[in-house]
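Given next are the chains, with one letter for each unit.
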Amino acid sequence: MDYRQANTGNSMEVDLQSNSMEVDGSVLAEVVTQTIELIGGVVEAVAEVTVSRETKQGMFPGAGQLYEEGKHRGKILGDGFVDIGGFDVPKTEASLYKEIWLNYGHIASNRVLPDSYYFSQVTIVSELMSVIVKMNGCTLEEVSSEVIGDWEKNIRVAEKLEFNIGWLRQRLEDIKIVFSEDKKLQEIVAEQDEAKARVIEAEKQLFLEKERLSALETKIPPLLVAKQNFRNKCGGPLLLFNGGASLSPVTAPVQDDAILTEEPMPDNNNSKRGPPTGIAGKIRFISSLNK
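Scoring rules and cut-offs
- Residues numbered from 1 in each chain as written.
- Predicted model: local features only at pLDDT ≥ 70, side-chain atom pairs only at ≥ 80, totals over all residues.
- Heavy atoms only, no water.
- Helix = DSSP H or I, 4+ residues; strand = E, 2+ residues; numbered from the N terminus.
- Buried < 20%, exposed > 50% of the residue type's maximum accessible area, 1.4 Å probe, protein only.
- Contact = heavy atoms within 4.5 Å.
- Areas by Shrake-Rupley, 256 points an atom, 1.4 Å probe, with all protein chains shown as cover.
- Phe/Tyr/Trp six-rings, centres within 6.5 Å; stacked < 30°, edge-to-face > 60°.
- Core = buried A, V, L, I, M, F, W, Y, C linked by side-chain atoms within 4.5 Å.

Asks: So what exactly am I meant to see when it comes to the overall build of the protein here?
Replies: Looking only at helices and strands, the protein features six helices and two strands. Mapped from its N terminus to its C terminus, the protein presents α and β elements in the order α-β-β-α-α-α-α-α. Out of the 291 residues in the protein, the part that is buried amounts to 20%. Of the contacts formed within the protein by residues at least 6 apart in sequence, a portion of 54% connects residues at least 24 apart. For the protein, the exposed area adds up to about 22100 Å²; of that, 58% sits on carbon and sulfur atoms.

Structure, rendered in structure tokens:
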């Protein structure tokens with residue numbers, strides 16, 4: 001009995017140990033897999049950064065390099081300046097200059113201004129950094145021809161000194177293109193607004209003309225009815241009287257040399273009358289004289 005129990009206990013211990021080993025093995029395998037994936041991701045990220053940095057240095061060899069091998073280090077011009085990569089820049093623009101230095105290299109160059117003019121190099125770079133700060137913080141809506149002209153003037157000075165600002169020139173040219181396109185867009189929008197205003201005015205005039213036309217059309221039917229009633233009443237298009245009334249034609253001849261005279265004519269009442277009036281009366285008067 002005890003032997004069987006002992007064997008049973010040993011068997012259970014072996015099973016537990018076996019299960020524990022299986023669990024530990026699976027967990028270990030999962031941890032190893034995750035570690036390998038993590039290391040692989042880190043390696044890929046480092047490789048991407050390395051390739052990007054190599055590409056940047058290939059395009060701009062001076063990116064992140066000391067200025068003139070650090071020969072000017074320690075020549076701090078004052079409390080307002082700080083050393084960035086061996087070149088003195090204003091503290092207020094140090095962060096932006098460091099970003100420029102790491103991506104494109106130092107702005108200054110000794111191709112035209114030799115090392116003996118280092119302070120002049122620092123002064124010109126400081127002035128140019130003020131322009132770069134404005135360009136960096138300027139929005140497209142704030143850009144104007146005058147602003148671009150000011151940037152152009154400062155960049156040309158640095159170009160004559162053969163400073164490392166090819167990247168800045170390219171950015172300015174891009175801004176010019178965008179500004180020109182935006183200006184054209186504004187002109188088109190303004191022209192569109194004018195066209196809309198003309199359309200609205202034309203539609204307004206069209207509405208008024210339609211109202212006037214409608215008013216005229218309402219006046220026509222009553223006039224046509226009155227005209228037709230007049231024709232029906234007269235019995236014909238041009239008759240002024242109906243068929244029951246007509247004038248007797250005058251057939252008595254009239255002498256060409258007849259002279260109309262005014263003579264008193266006696267009447268039964270012994271009253272004087274004036275000459276006859278009207279065409280019919282005068283004709284009868286002349287006819288009576290010829291008898």
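Asks: Honestly, the packing of aromatic side chains in this entry has me stumped. Any pointers?
Replies: Aromatic rings in a pair are described by how distant their centres are and how their planes are angled relative to each other. Applying the stated criterion across every chain yields a total of six aromatic pairs. Consider the rings of Phe87 and Tyr97, whose centres lie 6.2 Å apart with planes at 20°: the pair is stacked. Of this pair, Phe87 sits in strand β2 (residues 87-90) while Tyr97 sits in helix α2 (residues 94-104), and the two are 10 residues apart along the sequence. The class for Phe87 is buried, based on a relative accessible area of 0%. Here Tyr104 and Trp167 contribute two aromatic rings whose centre-to-centre distance is 4.6 Å and whose plane-to-plane angle is 5°, an arrangement assigned as stacked.

Asks: Explanation requested: the nonpolar core in the structure shown.
Replies: For soluble globular proteins, the rule of thumb is that nonpolar side chains tend to be buried together. One finds Phe87, Tyr97, Ile107, Ile132 and Phe163 to be the most contacted residues of the largest nonpolar core, which totals 36 residues. Those elements that place two or more of their residues in this core are β2, α2, α3 (118-137), α4 (145-160) and α5 (166-234). Of all the elements, α3 adds the most residues to this core, at nine residues. Beyond its immediate sequence surroundings of up to four residues, Ile132 is in contact with Leu96, Ile100, Ile107, Trp167 and Leu168.

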